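Structural characterization, general
Residues per chain, in single letters:
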Amino acid sequence: MTTAPPLTRYADLPALIGLMTGDEKHQLAAESTREVLWVLYDRVLDVSPETADDPDRDRFLLSKGHGPMPYYAVLAAKGFLDLATLRRWADFDSPLGHHPDRVLVPGAEISSGSLGHGLGLGVGTALGLRAQGRTRPRVFVLMGDGELDEGSNHEAIAAAGRLGLDNLTAVVVDNASATHGWPGGIETRFSGEGWQTRSAPGRDQAALYDALTAPHSGRPLAVVARIRPKG
Amino acid sequence: MTAAPPEPAAVVAQPMRDAFADTVSAALETDPRLAVVLADISADRFTEAARRHPQRVVNLGIREQLMIGVAGGLALTGMRPVAHTFAPFLVERPFEQVKLDLGHQGAGAVLVSSGASYDGAHYGRTHMAPGDVHLLDSLPGWTVHVPGHAAEVAPLLEEALRRDGNVYVRLSERGNAAARPIGPGLQTVRAGSGRSSGVVVAVGPMLDRVLAATEGLDVTVAYAATVRPFDREGLNRLVARAGQADVLLVEPYLEGTSAHEVAAALEDRRHRQRSLGVRRDTEVRGYGTPADHDRAHGLDTAGIAERAREFFPA
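Per an unreviewed UniProt entry, chain B is named Transketolase, and its organism is Streptomonospora halophila.

As recorded by an unreviewed UniProt entry, chain A carries the name Transketolase and is attributed to Streptomonospora halophila.

Written out as structure tokens, the structure is:
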């Protein structure tokens, strides 16, 4: 293959996505998560290919498994995936499909695609770390506002709040895609259950960083990242 | 044809849920990997364990989807989760979590149900789960234990807790008068002659009724407290020694759940098979007692005897 310079910057994400999709234009659903994913992997999460199996690593759980191209692109930029793997995206024997499979994708903490599974897995992960006395690692779960329709999330939101899981952060990318909406705001679904909540413009990396690193002693944190609605 | 009907076998009360709570509570003391996830059911049996290990005994309230998701998450951090509630709420309600949050993640948990097919007969259909094993059988890699006596619970569970894979332990409060030795394969309880009419496989709590129902028939009766993986080789050996390659399968859950295993075990020979279990053709809308439901499904001694005699002609 060619010896192009490594693609490791935020500005390289469109090129990395282009390796998968064949061009640099891609779906809005995929687009909505790009900045959040970048801020998490670039500035927030303490995890790297070298520490991908370290029990004290931070965990990122992509619950909203639709449109995973920006996720794969960020994993590639951070060295979890190589470029040749991106080019085989969605082939039969590729590790990268339209929904991620943790057994196949280096660096992926969970398999997702069916909505409403990531937060429950995140609650269990947070409880497991707590039970083992691992106070350093944090657990981040990325969801969508439409995904919140699934009732399983509300079991997890209530329990995580009552259990005071301060090692857990839910990030909800809100592009107003929920069919019936969330009158009163997504934040209230979390705050009513005892979560700390923050919101930020979903394209504003500095604001996202501030929200994602907001202190939330004794309670989980929900960050709502607002994106211009689809269509 | 005119023989007296067999003496019915008593179905003996089995405190399997207590045996489960005792076994897991003791294991929490010695195995730091172990964690228990509850959804209110049986939480009273884990009060002391929760006091001693508040981080590892978690009652999530009536949240069964979350219970399985949490079990998956715990396993992803290297712990060995045990999740428990009544069978319909453990397997049927959160079935997609069982499929995705455990198997698809490559995560393993021990699921322990109680109530079996209709222990809670008076609660009605909502608390019955005759299809639990059949549902789990649609997923790869599950080990399924169906103990027939409370004393079989501890050895089956202790082995499950030490492992990493997915294990389902189906508890019932009803079973056999005596515990059988626990092993992976079929155990011969009554051997037929070399000219016998065939082999009867009795699963878990069905054994005593099967023994009573087949009294006087020249058949081999084999016992299984573990149905997945199914002991295909063992069944093939028993059938090879029998006079006829005919197998009667008697299971305490949905009729024919293991029929495909019997067929695979005997694919090297012409054979007949018949499956007894909870009937598939209708929803039995009755309350009453478990014994009433045994009769409705033909799983009492008389019902098994009648169909065994049809299947194994004299």
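The rest of the description comes next.
Locating B:H145 in the fold gives a position in strand β6 (residues 143-145). Ignoring anything within four residues of it in the chain, the contact list for B:H145 reads B:L156, B:V167, B:V169, B:R170, B:A225 and B:T226.

Okay, the sheet that holds strand β2 (residues 34-38) of chain B next. Residues and elements named next belong to chain B. With mixed pairing, the 7 strands of this open sheet are ordered in space as β3-β2-β4-β5-β7-β6-β12. Either end of the sheet is taken by a strand with one partner, and the two such strands are β3 (57-59) and β12 (226-228). Recorded for the sheet is a direction-independent mean angle of 20° between the axes of neighbouring strands. Of the pairings in the sheet, the one linking β2 to strand β4 (residues 80-86) comprises 5 bridges and is parallel in character.

Residue and element names in this part refer to chain A. Helix α4 (residues 69-77) packs onto helix α1 (residues 13-21) with a crossing angle of 120° between their chain directions and a minimal axis gap of 9 Å. The chirality of how α1 crosses α4 is right-handed. In contact with L13, L16, I17, M20 and T21 of α1, α4 contributes M69, P70, Y72, A73, V74, A76 and A77. Of the residues that constitute the contact of α1 with α4, the class distribution is 11 nonpolar, 1 polar and no charged.

UniProt tags residues 14-178 of chain B as "domain: Transketolase-like pyrimidine-binding" (unreviewed entry). Taken as a whole, residues 14-178 of chain B contains 39% helix and 18% strand, while its terminal C-alpha atoms sit 10 Å from one another.

Turning our attention to helix α6 (residues 118-131) of chain A. All names here are of chain A. The first and last C-alpha atoms of α6 sit 20 Å apart over 14 residues, in line with the 20 Å expected at 1.5 Å per residue. Most of α6 sits inside the fold, with 14 of its 14 residues counted as buried. Two residues or fewer after α6 comes G133, characterised by a positive phi angle close to 75°.

Look at the UniProt record and you will see "domain: Transketolase N-terminal" (unreviewed entry) annotated at residues 32-214 of chain A. In residues 32-214 of chain A, the share of helix is 36% and the share of strand is 13%. The end C-alpha atoms are 22 Å apart.

Moving on: the pairing of strand β3 (residues 168-174) of chain A. All names here are of chain A. Of all 7 residues that make up β3, 7 are buried, and the element is covered over most of its length. Burial of the side chains of β3 extends over both faces: L168, A170, V172 and D174 are buried on one face and T169, V171 and V173 on the other. Judged from the 6 bridges that link them, strand β2 (residues 139-144) and β3 form a sheet pairing that is parallel. Following the sheet pairing, L142 is matched in β3 by V171. Running through helix α7 (residues 151-162), the crossover from β2 to the neighbouring parallel element β3 is right-handed. Bridge analysis of β3 against strand β5 (residues 221-226) gives 6 bridges, and the strand direction is parallel.

On to the interface of chain A and chain B, then. How big an interface is tends to be stated in terms of the accessible area lost upon association of its parts. If you look at the interface, chain A gives 23 residues, while chain B gives 26 residues. Sort the elements by how many residues they give to the side of chain A that touches chain B and α6(A) lands first, with 11 residues.

Counting residues in hydrophobic clusters, the biggest one holds 167 residues, and the most contacted among them are A:V123, A:V171, B:V201 and B:V250. Leave out the neighbours within four places in its chain, and B:V250 touches B:V200, B:V201, B:A202, B:V203, B:M206, B:V210, B:L276 and B:I304.

Moving on, we come to the sheet that holds β5(A). Residues and elements named next belong to chain A. Taken in spatial order, the 5 strands line up as β1-β2-β3-β5-β4 in an open sheet, and their pairing is parallel. With one partner strand each, in any of the chains shown, β1 (59-62) and β4 (196-201) form the two edges of the open sheet. Across the sheet, the mean angle from the axis of one strand to that of its neighbour is 20°, orientation sign disregarded. Where β4 lies against β5, 6 bridges are found, and the strand directions are parallel. By the bridge assignment for β5, P201 is matched with R226.

Residues and elements named next belong to chain B. Between R228 and P229 the backbone carries a cis peptide bond, its omega angle lying at -5°. Tracing the sequence through the fold places P229 in the loop between β12 and α9 (232-241). The backbone of S42 sits at a positive phi, close to 70°, despite the residue not being glycine. Residues other than glycine seldom take positive phi values, yet A116 does so here, at roughly 50°. Structurally, the position occupied by A116 is in the loop between β5 (110-114) and α6 (132-136).

Our focus in this paragraph is α1(A). Residue and element names in this part refer to chain A. Taken residue by residue, α1 has L13, L16, I17, L19 and M20 as its buried positions. Mapping the buried residues of α1 onto a view down its axis gives an arc of 145°, with all of them on the same face. Elements that come into contact with the buried residues of α1 comprise α3 (34-44), α4 and α5 (83-87). The first or second residue beyond α1 is G22, which carries a positive phi of 90°.

Another point: the environment of B:G72. Secondary-structure assignment places B:G72 in helix α3 (residues 64-76). In this structure B:G72 comes out as buried when scored by C-beta crowding, with 29 C-beta atoms within 10 Å. Expressed as a C-alpha distance, the spacing of B:G72 and B:H53, which sit 19 residues apart in the sequence, is 20 Å. Here B:G72 is in contact with A:L121, A:G124, B:D101, B:L102, B:Q105, B:A107 and B:A109, once residues within four sequence places are set aside.

Reading guide: rules and limits
Residues numbered from 1 in each chain as written. Chains lettered and ligands numbered in written order. Predicted model: local features only at pLDDT ≥ 70, side-chain atom pairs only at ≥ 80, totals over all residues. Helix = DSSP H or I, 4+ residues; strand = E, 2+ residues; numbered from the N terminus. Contact = placed C-beta atoms within 7 Å. Pairing = 2+ DSSP bridges. Axes fitted to C-alpha atoms, helices over the stretch in contact; angles between N-to-C directions. Left-handed = near helix turned anticlockwise from the far one by under 90°. Nonpolar A, V, L, I, M, F, W, Y, C, P; charged D, E, K, R; others polar. UniProt positions renumbered as here; feature names shortened; annotations may be inferred. Expected span 1.5 Å × (residues − 1). Buried ≥ 20, exposed ≤ 12 C-beta atoms within 10 Å, placed from the backbone. Right-handed = clockwise from strand over helix to strand, strands pointing away. Core = buried A, V, L, I, M, F, W, Y, C linked by C-beta atoms within 7 Å. Arc of directions from axis to C-beta.

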